[in-house]
Amino acid sequence: MNRRTSLRLLGLTALAGPLAACGAEAAAGGSELKQLKYQGSVGAVTLPELAADLGLLGDLTLQWVGNTISGPQDIQAATTGDTHFGGAFNGAVIKLAAAGAPIKSVISYYGTDESTFIGYYVLDGGPVRTARDLIGKKVGMNTLGAHAEAVLKTYLKRGGLSDDEIRQVELLALPPVNTEQALRAGQIDVAALGGILRDKALERGGVRKLFSDYDLIGAFNAGTYVFRKDVLAKNPTTVRTFVEGVAQAIEWTKQHPREEVVARFTDIIGRRGRTEDASALKFWKSFGISAKGGVIAERDFQTWLDWLNLTGELKGKQVKVADVYTNEYNPFRDGAR
């Protein structure tokens, strides 16, 4: 993680008590929340936004408060009470929980499959062909301390690099739209690219895939939405409505033709009036969620907890996977529906 993120995480344990009351924002008289604050994503439609547009949230509404810059930032906003929920890579959720944040994951919202993945690309004809070739090289990615970094370091570890050798691989956080350009200009040696940015880079040619998260791990659910535990305790019906709606929205995207899903996304962006470009939607393929309704599996967290313990990133702090997530609100748990 970058220095700013690390400093914020250090203060979360101290903040947990004072925020317990303000973070929940339960209405007077014990009634539950009927509006949830959240952060969106520029030029994209999130699953909660889709669920709301499909009428799957009942009388629950969403209040957009701005756009997130990364998964770690999004779940920090939920922890501090700036929003009611946020989403991030599961490894980042574990790190935040280890720092003392009172959060719990309730549903998967993105993953990796054969069509939706993060690839690590190098220039054609370049010298980088194996994990060992990355020693002393620079790798550009969207943010540090999250999905792209965890996958890269897993690749390096499996490639036989020692901890000291892994530390010699330089990681750089770059705006996603600039990562391909940095690779072609020789400012970095490897670019982590996904979605439209990956597809456009491949269309232009001159780059090749070194590996991808799908190549390395296979299909997996990678990120989850989290709520503060006090919000869950005071608003169980609201959270259940939210999770059920998102779960049904996930299945809606799987059951309808891709063209219909993209058309719906385009219409949503056009109506919400945020002055954004929707052209990237034509490259959308899927949310990459393999589990029905986004049900969370133990391995979705255990894989990254094992890795974080192995690399010493948790600094001896104990985290139990069972304490980090729950499927109790998901209608598809235990094979239901």
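If you're wondering where the values come from, they're calculated on a predicted model, not measured in any experiment. (Residues numbered from 1 in each chain as written. Predicted model: local features only at pLDDT ≥ 70, side-chain atom pairs only at ≥ 80, totals over all residues. Heavy atoms only, no water.)

**Q** Honestly, the overall build of the protein chain in this entry has me stumped. Any pointers?
**A** Scanning the protein chain for helices and strands turns up 15 helices and 10 strands. Relative to its length of 337 residues, the protein chain is compact, with a C-alpha radius of gyration of 20 Å against a globular reference of 20 Å. Put simply, the protein chain has 337 residues, and 52% of those count as buried. Contacts in the protein chain between residues far apart in sequence, at least 24 positions, make up 80% of those at least 6 positions apart. When the accessible area of the protein chain is evaluated, it comes to approximately 14700 Å², of which 51% is carbon and sulfur surface. The average position of the 40 basic charges and that of the 37 acidic charges among the side chains of the protein chain differ by 3 Å. (Helix = DSSP H or I, 4+ residues; strand = E, 2+ residues; numbered from the N terminus. Rg over C-alpha atoms; globule rule 2.2 N^0.38 Å. Buried < 20%, exposed > 50% of the residue type's maximum accessible area, 1.4 Å probe, protein only. Contact = heavy atoms within 4.5 Å. Areas by Shrake-Rupley, 256 points an atom, 1.4 Å probe, with all protein chains shown as cover. Lys, Arg positive; Asp, Glu negative; His and termini not counted. Charge placed at Lys NZ, Arg CZ, Asp CG, Glu CD.)

**Q** Just to check I follow, could you spell out the environment of Arg 158 for this structure?
**A** By the secondary structure assignment, Arg 158 is in helix H6 (residues 147–158). For Arg 158, a relative accessible area of 57% puts it in the exposed group. Residues Arg 158 and Ile 188, 30 residues apart in the sequence, show an inter-C-alpha distance of 22 Å.

**Q** Would you mind going over unusual backbone geometry with me for this structure?
**A** Across the chain, the bulk of peptide bonds are trans and the bulk of non-glycine residues have phi less than zero. Located in the positive-phi region is Thr 275, a residue other than glycine, with phi close to 55°. Residue placement: Thr 275 occurs in the loop between helix H13 (258–272) and helix H14 (299–311). Take Thr 275: its relative accessible area is 83%, and that puts it in the exposed class. The phi angle at Lys 315 is positive, at roughly 50°, despite the residue not being glycine. In this structure, Lys 315 sits in the loop between H14 and helix H15 (321–324). For Lys 315, a relative accessible area of 71% translates into the label exposed.

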